[in-house]
Amino acid sequence: MAGGYELLKPATGHRRPSPLKSGYRVVSGVVILALASFLLLRINPVLLFGKQGASLAAHKNTEDDVGQCVSSTVKTAHPPAPLNPWTSLTIKEIMQIQEWLNAPEQGLNLTLGDIARPSDNHIYIIEVHYPQKSDVLNYLSSPSSSLPPRLARVVIHHGAALEPVVKNYLVGPLPIGPQTTMSQFTDIYHIDTIPYNARAFDARDWTAPEIYSQIAAPLADALQELFGGTAAGLPNDTLVPGASGPFSFDGSFRRMWLGWRRNAPGAYLHPLNLYQYIDTSGTDSSQWKQLKIVYNHQVFDTTESFLEALHNGTLKRTTLPPAQEELDLSWSTRKRTGQQRDLDHLPGPRSVSFAGLRFRVDRELQYVSWMGWGLYLGFDRDMGLSLWDIRFRDERIIYELKPQDALAQYAGNDPFQSTTAWLDRYFGMGHAVRDMLPGYDCPYEAVYLPATTFGLSGIVSRDRAICIFEHDSERPLTRHLGYDKDEFGAIKGYQLVIRSIATLGNYDYQFDYIFQLDGTIEVRISASGYLQAAYWESDQRHYGSRIWETTMGSLHDHVINYKVDLDVAGLENSLLKTTTSQETVIQPWFDEDWGNEVIQQTISREYITNEDDALLKLPNNLQGGYSFVNRDKTNKWGTVRGYAIHPGYSPIHATVVGSKRLLKNADWARYNLAVSRRKETEPSSSSVWNFNLPGGPPVEFHKFFDGENITQEDLVAWINVGMHHLPQSEDAPSTRTNTAVSSFLLTPLNYFDHDVSIESTNAILLQTPEKPGDPFTFEDYGVQPAHCIPQPPSPFEYAPVQIFNHGGDVVEFTSVEDMRSSSELYHRIKFQA
């Protein structure tokens with residue numbers, strides 16, 4: 001044996017060849033044969049392997065030619081005008097305005113927001129004030145002209161005033177200079193000043209030591225005995241409360257219910273059936289006090305009476321749980337559990353633009369274009385991302401598309417859930433926008449844009465506040481299989497998505513704007529995060545479902561309102577109502593076999609001409625709908641051009657009407673759709689202060705509807721999306737975006753002469769063969785699938801929000817508690833001793 005192989009034996013009578021020479025001959029023969037086969041394969045692989053050989057060779061050649069894909073660098077967009085009239089203030093502009101306001105000559109006696117108390121004067125909001133539509137349209141039609149002076153809207157809490165109030169101001173022109181002035185801004189509000197008890201939130205209300213000493217400290221023994229937990233104002237507290245709202249009806253008081261929970265991951269899912277009603281009216285936090293305690297449906301007017309019942313044995317207790325350290329609270333975390341599913345160890349598919357990104361972005365102007373679409377982006381503290389001057393094929397379709405407010409109204413058999421009616425604009429959905437997770441919130445190749453907002457703690461800047469990406473919907477936009485010439489084909493359903501995500505305490509709201517090739521826009525919102533749960537007991541069965549041992553998911557409504565300023569073929573639009581119904585038709589040509597009647601559908605069209613008739617709900621069975629049309633403009637076929645407002649997922653309106661906590665401050669939620677004449681004095685359906693002023697809100701939506709004519713006028717649609725959320729065990733630990741989702745679509749209605757998506761060259765057209773069995777021929781317009789090696793995704797990284805203090809320096813967080821306090825707001829209150 002040599003090298004593990006048996007040597008060849010020589011034939012009888014022949015000399016045994018030299019092993020070395022023999023080895024050379026064998027190797028040489030193998031090499032020659034391999035080279036010959038390789039050349040033959042390259043020249044004509046069919047001779048060796050038939051058709052399969054040709055296929056293998058072609059595959060090999062393709063692999064040899066594959067190169068690295070181009071990087072996902074976004075191309076620069078070309079805006080129709082060199083300025084974005086809706087762009088947010090820069091950090092430098094905010095700093096200049098703040099410095100100007102703090103100057104002694106302004107006489108405002110301001111305290112910096114990061115150290116201010118309720119009894120101080122301090123700035124609450126600094127943001128851009130949007131110019132009037134007529135001025136912007138003049139500028140966009142003639143970009144060589146000048147925009148009107150740039151202004152800022154400023155909100156100041158005048159806590160040091162003899163009668164504390166909240167006021168709005170306009171400051172400008174910007175940049176700050178000798179001509180800059182300040183004036184009170186009341187044009188868009190129905191009340192001149194905001195009562196101080198209705199002021200916007202401030203998480204630092206709870207940092208004053210006397211708040212802890214008067215509200216939480218007296219309950220220390222009870223918290224330990226009833227729940228085995230502590231709330232001593234220390235980092236290792238095992239119990240925390242959260243608040244319900246609104247806090248006021250007319251500004252004469254500021255009161256709220258606190259509900260106690262375990263201080264664990266997903267604390268919102270660990271309620272404890274103990275509630276305190278507290279008064280935080282006025283500016284002197286030493287006067288804030290407890291008014292009432294409710295434990296297990298037993299009401300106590302004082303802490304002393306509650307503790308007396310606890311100690312004398314008359315308190316009816318819930319099941320006594322063990323100390324928190326003995327509990328398994330992992331069920332409310334987001335840590336993976338359960339057996340790994342088959343093949344789940346492999347990464348899933350991801351989107352790759354093999355030929356490079358097909359949309360354009362101007363980062364400085366925040367302008368985006370894609371496949372005939374073009375639009376500017378705006379961003380503000382109250383509601384975050386907004387879209388402006390949306391054009392398709394060089395025609396403006398929408399002037400403004402912007403969320404207005406988000407309602408969440410709860411039900412329950414306890415003082416907390418039954419009194420909760422959140423209006424999330426109050427907390428600042430734009431200020432609560434978070435940096436998105438690459439590869440999870442948005443595809444790896446998404447393009448991110450930043451956003452800057454002003455807050456009490458400073459100027460907040462987020463690098464990944466907005467993401468933009470194109471994706472394949474994985475379904476054709478149109479298709480048909482046919483046998484006549486040019487009737488067999490399909491068009492790819494590509495879409496452009498612009499997205500932002502805001503986390504307000506327990507809920508995460510995902511705002512999506514989805515653009516399509518036929519001129520359709522889908523506006524979609526999805527929710528996830530944690531439920532605001534209640535303590536489960538049998539009496540709660542009418543208000544929700546048990547989802548854990550003592551946890552109930554409470555019934556509640558979500559309603560989110562959008563402003564859509566449609567300009568359909570111009571500014572002059574009318575509201576068209578279309579309905580379908582059943583009719584019975586008798587015609588002389590009907591044969592006797594079936595009788596002389598036919599029952600079928602018929603269409604009715606009518607114009608709604610008065611605002612008062614334009615507070616609308618969708619028809620039963622969705623038999624009909626509403627559209628904006630320009631009665632003076634027709635398409636080639638003589639039909640008025642329009643855009644239809646189509647319901648998408650979950651087209652709902654609010655369930656509860658008449659609640660004192662939503663008496664007048666969220667009337668917009670009562671309808672699926674409302675249409676009013678556009679006015680500069682009615683820019684929004686809500687305001688920050690509507691939340692705490694249901695008895696007399698600054699913006700009363702029903703006052704928009706005062707009998708005016710809406711025929712061929714500049715109109716605005718106020719459109720609602722949302723869901724009736726009946727929680728279930730699958731909402732633990734987190735609600736799923738595939739069920740907690742709602743949308744509407746804005747889609748062409750005789751706006752074009754035909755389906756304009758037929759322009760797309762990402763399409764295929766097949767021709768039937770002349771004889772059965774012959775191959776189909778096809779035309780792909782030269783757009784073939786690209787093939788290359790994708791760029792590797794960047795390593796995952798996530799950084800916390802960057803905050804600049806009022807001096808312009810980066811703020812370094814001293815603890816995780818500091819990072820989370822501005823995120824969880826009143827939903828999780830951490831007292832300080």
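Quick caveat: nothing in here was measured; it's all calculated off a predicted structure.

Thresholds, definitions, all that
- Residues numbered from 1 in each chain as written.
- Predicted model: local features only at pLDDT ≥ 70, side-chain atom pairs only at ≥ 80, totals over all residues.
- Heavy atoms only, no water.
- Helix = DSSP H or I, 4+ residues; strand = E, 2+ residues; numbered from the N terminus.
- Buried < 20%, exposed > 50% of the residue type's maximum accessible area, 1.4 Å probe, protein only.
- Contact = heavy atoms within 4.5 Å.
- Areas by Shrake-Rupley, 256 points an atom, 1.4 Å probe, with all protein chains shown as cover.
- Core = buried A, V, L, I, M, F, W, Y, C linked by side-chain atoms within 4.5 Å.
- Phe/Tyr/Trp six-rings, centres within 6.5 Å; stacked < 30°, edge-to-face > 60°.
- Lys NZ or Arg CZ within 6 Å of the ring centre and 35° of its normal.
- UniProt positions renumbered as here; feature names shortened; annotations may be inferred.
- Salt bridge = Lys/Arg side-chain N within 4 Å of Asp/Glu carboxyl O.
- Arc of directions from axis to C-beta.
- Pairing = 2+ DSSP bridges.
- Axes fitted to C-alpha atoms, helices over the stretch in contact; angles between N-to-C directions.
- Parallel < 35°, antiparallel > 145°, perpendicular 65-115°, else oblique.
- Left-handed = near helix turned anticlockwise from the far one by under 90°.
- Nonpolar A, V, L, I, M, F, W, Y, C, P; charged D, E, K, R; others polar.
- Disulfide = S-S within 2.5 Å.

A separate point is the overall build of the chain. Along the chain, the regular secondary structure elements total 8 helices and 36 strands. Structurally, the chain occupies a C-alpha span of about 120 × 85 × 75 Å along its principal axes. Expressed as a percentage of its 833 residues, the buried residues of the chain come to 49%. A fraction of 67% describes how many contacts in the chain between residues 6 or more apart in sequence connect residues 24 or more apart. A total accessible area of about 39900 Å² is found for the chain, and carbon and sulfur atoms account for 52% of it.

Moving on, we get to the nonpolar core. Taken as a class, soluble globular proteins show a tendency for nonpolar side chains to be buried jointly. In terms of nonpolar packing, the biggest core is built from 152 residues, with Phe306, Phe515 and Phe831 touching the most fellow members. Beyond its immediate chain neighbours, meaning those up to four positions away, Phe831 contacts Trp206, Ile211, Tyr212, Ile215, Ala216, Gly233, Pro241, Leu258 and Trp260. With 31 residues, the next largest nonpolar core counts Leu101, Leu137, Tyr376 and Trp388 among its residues.

This part is about the packing of aromatic side chains. This structure, assessed with the given rule, holds 33 aromatic pairs. Ring plane angle 10 degrees and centroid distance 4.3 Å describe the contact between Trp331 and Trp548, whose orientation is recorded as stacked. Here Trp331 is found in the loop between helix 7 (303–312) and strand 11 (360–362), whereas its partner Trp548 is found in the loop between strand 23 (544–546) and strand 24 (551–554), with 217 residues between them in sequence. Owing to a relative accessible area of 12%, Trp331 belongs among the buried residues under this scheme. The class of Trp548 is partly exposed, set by a relative accessible area of 40%. Among the aromatic residues, those joined into a cluster by ring pairs are Trp86, Tyr130, Tyr367, Tyr376, Trp388 and Tyr399. If you follow Arg464 out to its NZ or CZ, it ends over the ring of Tyr448, 5.5 Å from the centre. Its end group placed over the ring of Tyr607, Arg631 keeps NZ or CZ at 3.8 Å from the ring centre.

To continue, consider the UniProt feature "active site" (unreviewed entry) in the chain. What UniProt calls "active site" (unreviewed entry) maps, in this numbering, to Asp424 and Tyr507. For the annotated residues, spread through 84 residues, the largest C-alpha to C-alpha distance comes to 10.3 Å, consistent with a single compact locus. Checked against the element boundaries, Asp424 lands in the loop between strand 16 (421–423) and strand 17 (447–455). Here Asp424 is in contact with Asp405, Ala406, Met429, Leu504 and Tyr509, once residues within four sequence places are set aside. Position of Tyr507 among the secondary structure elements: in strand 20 (residues 507–516). For Tyr507, a relative accessible area of 3% translates into the label buried. With sequence-adjacent residues up to four places away left out, Tyr507 is seen in contact with Tyr410, Ala502, Ala527, Ser528, Tyr530, Leu531, His556, His558, His725 and Thr735.

What follows deals with the pattern of salt bridges. Across all of its chains, the model carries 30 salt bridges by this definition. Here Arg396 and Asp389 are joined by a salt bridge, their closest N and O atoms 2.6 Å apart. Residue Arg396 is classed as partly exposed on the basis of its relative accessible area, which comes to 22%. Here Asp389 falls in the buried class, since its relative accessible area comes to 1%.

This part takes up helix 4 (residues 133–141). Counting along an α-helix, one turn takes 3.6 residues, and residues three or four places apart therefore face a common direction. Where helix 4 is concerned, the buried positions are Lys133, Val136, Leu137, Tyr139 and Leu140. The buried residues of helix 4 occupy one face: seen down the axis, they fall within an arc of 160 degrees. On its buried face, helix 4 sits against strand 13 (373–380), strand 14 (384–392), strand 15 (395–410) and strand 25 (556–566).

In spatial order, the strands read 22-24-23; together these 3 strands make up an open sheet with antiparallel pairing. Only two strands of the sheet have a single partner each, and these edge strands are strand 22 (534–535) and strand 23. As judged from the 2 bridges shared by strand 22 and strand 24, these two strands associate in the antiparallel manner. When the bridges of strand 24 are listed, Ala534 appears paired with Met552.

Turning our eyes to something else, we now look at the environment of Gly412. Residue placement: Gly412 occurs in the loop between strand 15 and strand 16. With 122 residues separating them in the primary sequence, Gly412 and Ala534 have C-alpha atoms 7.6 Å apart. Once residues within four sequence positions are removed from consideration, Gly412 is found in contact with Gln417, Ser418, Gln540 and Tyr543.

It is worth spelling out the packing of helix 6 (residues 220–227) against helix 7 at this point. Following both chains from N to C, one finds helix 6 and helix 7 inclined at 40 degrees, their axes separated by 11 Å at the closest point. Regarding the angle of helix 6 to helix 7, the classification is oblique. The hand of the helix 6/helix 7 crossing is left-handed. Residues Ala222, Glu225 and Leu226 of helix 6 lie in contact with helix 7, whose contacting residues are Phe306, Leu307, Leu310 and His311. Across the contact of helix 6 with helix 7, the residue classes tally to 5 nonpolar, 1 polar and 1 charged.

What follows concerns the state of the cysteines. Tallied over the full model, the rule gives 2 disulfides. Here Cys69 pairs with Cys788 through a disulfide, and the sulfurs are 1.8 Å apart. Residues Cys69 and Cys788 are joined through a disulfide that is right-handed, its torsion about the S-S bond being 95 degrees. Highlighted residues: Cys69 in the loop between helix 2 (45–65) and helix 3 (91–102) and Cys788 in the loop between strand 35 (777–779) and strand 36 (802–804), separated in sequence by 719 residues. Under the relative-accessibility criterion, Cys788 is labelled buried at 11%. Residue Cys442 pairs covalently with Cys467 via a disulfide, S to S 2.1 Å. On the S-S bond that ties Cys442 to Cys467, the torsion sits near -80 degrees, and the link is left-handed.

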